[in-house]
Amino acid sequence: MAFISFIGRVLFVSVFILSAYQEFNEFGTDGGPAAKALRPKFNVLSKHVATHTGFEIPHVEMKHLILGAIVLKGLGSLLFIFGSSLGAYLLLLHQAVASPVLYDFYNYDLDKKEFAQLFFKFSQNLALLGALFFFIGLKNSMPRRSSSSSKKKAPKAKAN
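Worth saying up front: this structure is predicted, and the values here are computed from it rather than measured.

About the thresholds
Residues numbered from 1 in each chain as written. Predicted model: local features only at pLDDT ≥ 70, side-chain atom pairs only at ≥ 80, totals over all residues. Heavy atoms only, no water. UniProt positions renumbered as here; feature names shortened; annotations may be inferred. Helix = DSSP H or I, 4+ residues; strand = E, 2+ residues; numbered from the N terminus. Expected span 1.5 Å × (residues − 1). Buried < 20%, exposed > 50% of the residue type's maximum accessible area, 1.4 Å probe, protein only. Contact = heavy atoms within 4.5 Å. 1 Å grid on protein atoms, 1.4 Å probe; cavity = no way out; pocket = protein on both sides within 12 Å on 5 of 7 lines; lining within 4 Å. Points joined across faces, edges and corners; volume = space filled by probe spheres on them. Bend = angle between axes of the 7 residues up to and from the residue. Axes fitted to C-alpha atoms, helices over the stretch in contact; angles between N-to-C directions. Parallel < 35°, antiparallel > 145°, perpendicular 65-115°, else oblique. Left-handed = near helix turned anticlockwise from the far one by under 90°. Nonpolar A, V, L, I, M, F, W, Y, C, P; charged D, E, K, R; others polar.

What is the right way to read the UniProt feature "transmembrane region" (unreviewed entry) in the protein from this model?
Mapped onto the present numbering, the UniProt feature "transmembrane region" (unreviewed entry) falls at residues 65-98 and 118-138. Taken end to end, residues 65-98 has its terminal C-alpha atoms 10 Å apart, with 91% of it in helix and 0% in strand. This span, residues 118-138, is 100% helix and 0% strand, and a straight line between its end C-alpha atoms measures 30 Å.

Would you take a moment to explain helix H2 (residues 32-53) for this structure?
Given 3.6 residues to a turn, an α-helix orients residues that are three or four positions apart in the same direction. The end-to-end C-alpha distance of H2 is 31 Å, a good match for the 32 Å that 22 residues give at a rise of 1.5 Å each. Turning to H2, its buried residues number three or more, namely Gly32, Ala35, Leu38, Lys41, Phe42 and Ser46. On its buried face, H2 is in contact with helix H3 (62-81), helix H4 (85-102) and helix H5 (113-141). One or two steps after H2, the chain reaches Gly54, where phi turns positive at roughly 85°.

Is there a simple way to explain the environment of Ile81 in this structure?
Positionally, Ile81 belongs in helix H3. Given the relative accessible area of 9%, Ile81 is considered buried. Separated by 69 residues in sequence, Ile81 and Phe12 place their C-alpha atoms 8.9 Å apart. Apart from residues no more than four positions distant in its own chain, Ile81 is found in contact with Phe6, Arg9, Val10, Val13 and Ile17.

Sorry, what's going on with empty space enclosed by the protein here?
Here the idea is plain: a probe the size of a water molecule rolls over the atoms and shows the empty space left. Counting across every chain of the model gives one cavity of 30 Å³ or more. Taken as a whole, the largest cavity spans an internal volume of roughly 30 Å³. In terms of lining residues, the largest cavity is bounded by Lys41, Val44, Leu45, Pro100, Val101, Asp104, Tyr106 and Asn107. Counting residues per element, the ones that place at least two in the lining of the largest cavity are H2 and H4. For the lining of the largest cavity, the element with the highest residue contribution is H2, accounting for three residues.

What am I meant to see in helix H1 (residues 2-25) here?
Counted at 1.5 Å a residue, the expected span for H1 with its 24 residues is 34 Å, and the 33 Å between its end C-alpha atoms agrees. A bend of about 40° at Val13 is the largest found in H1. Burial in H1 covers these residues: Arg9, Phe12, Val13, Phe16, Ala20 and Glu23. In this fold, the buried residues of H1 make contact with H3, H4 and H5.

Hey, could you run me through the packing of H3 against H4 in this one?
When two helices pack together, their arrangement is given by the angle between their axes and by how far apart the axes lie. In contact at an axis separation of 7 Å, H3 and H4 are set at 150° when each is read in the N-to-C sense. The angle between H3 and H4 places the two elements in the roughly antiparallel class. The hand of the H3/H4 crossing is left-handed. Along the contact surface, H3 presents Ala69, Leu72, Lys73, Leu75, Gly76, Ser77, Leu79 and Phe80, while H4 presents Leu86, Gly87, Ala88, Leu90, Leu91, Leu93 and His94. Split into classes, the residues belonging to the contact of H3 with H4 amount to ten nonpolar, four polar and one charged.

Before we go on, may I ask you to explain the layout of surface pockets in this structure?
Roughly 870 Å³ of internal volume is contained in the largest pocket. Around the largest pocket, the lining is made up of 32 residues, and of these Glu23, Lys73, His94, Ala98 and Leu102 lie nearest the centre. Contributions of two or more residues to the lining of the largest pocket are made by H1, H2, H3, H4 and H5. At eight residues, the largest contribution of residues to the lining of the largest pocket is made by H4. Within the lining of the largest pocket, the residues separate by chemical class into 20 nonpolar, seven polar and five charged. By volume, the second largest pocket amounts to about 530 Å³. Lining the second largest pocket are 16 residues, and of these Ser5, Arg9, Phe135, Lys139 and Met142 lie nearest its centre. Listing elements by their share of the lining of the second largest pocket, those giving two or more residues are H1 and H5. In terms of residues, the lining of the second largest pocket owes the most to one element, H5, which gives six residues. Here the residues of the lining of the second largest pocket sort into ten nonpolar, two polar and four charged.

Structure, rendered in structure tokens:
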């Protein structure tokens, strides 16, 4: 049963690993196409935050954000594969921060084609987020194993 659970975690995390691998291969010196696609979305987010809160987000290099996303996905995936809750929390952090920025369907009208595409991708990421919450909840609800050396069971008496 543990092997099946391990394979399930590997299959789930493959989404994050393949994404991080692709971003890493395209990274280059400027962050690659991911940085170019993120810049306008980050600018819109900065304007929204400044307008609604009065707080101005400092200038950030897009290649640093992309590198941070690669590290979060890579490290979180490796830890998650081996059943660590920390890995799930890292992936959860990435999904919670990146999804609303990358899939900004709320900036488009309902009848636009971009709205449907971005909303669909956002919904997929919400499903991944839900699966991570489920894993964390399941991990926290399971009782911890006590050390087997301190509690040895007495051998059962044989009935004649």
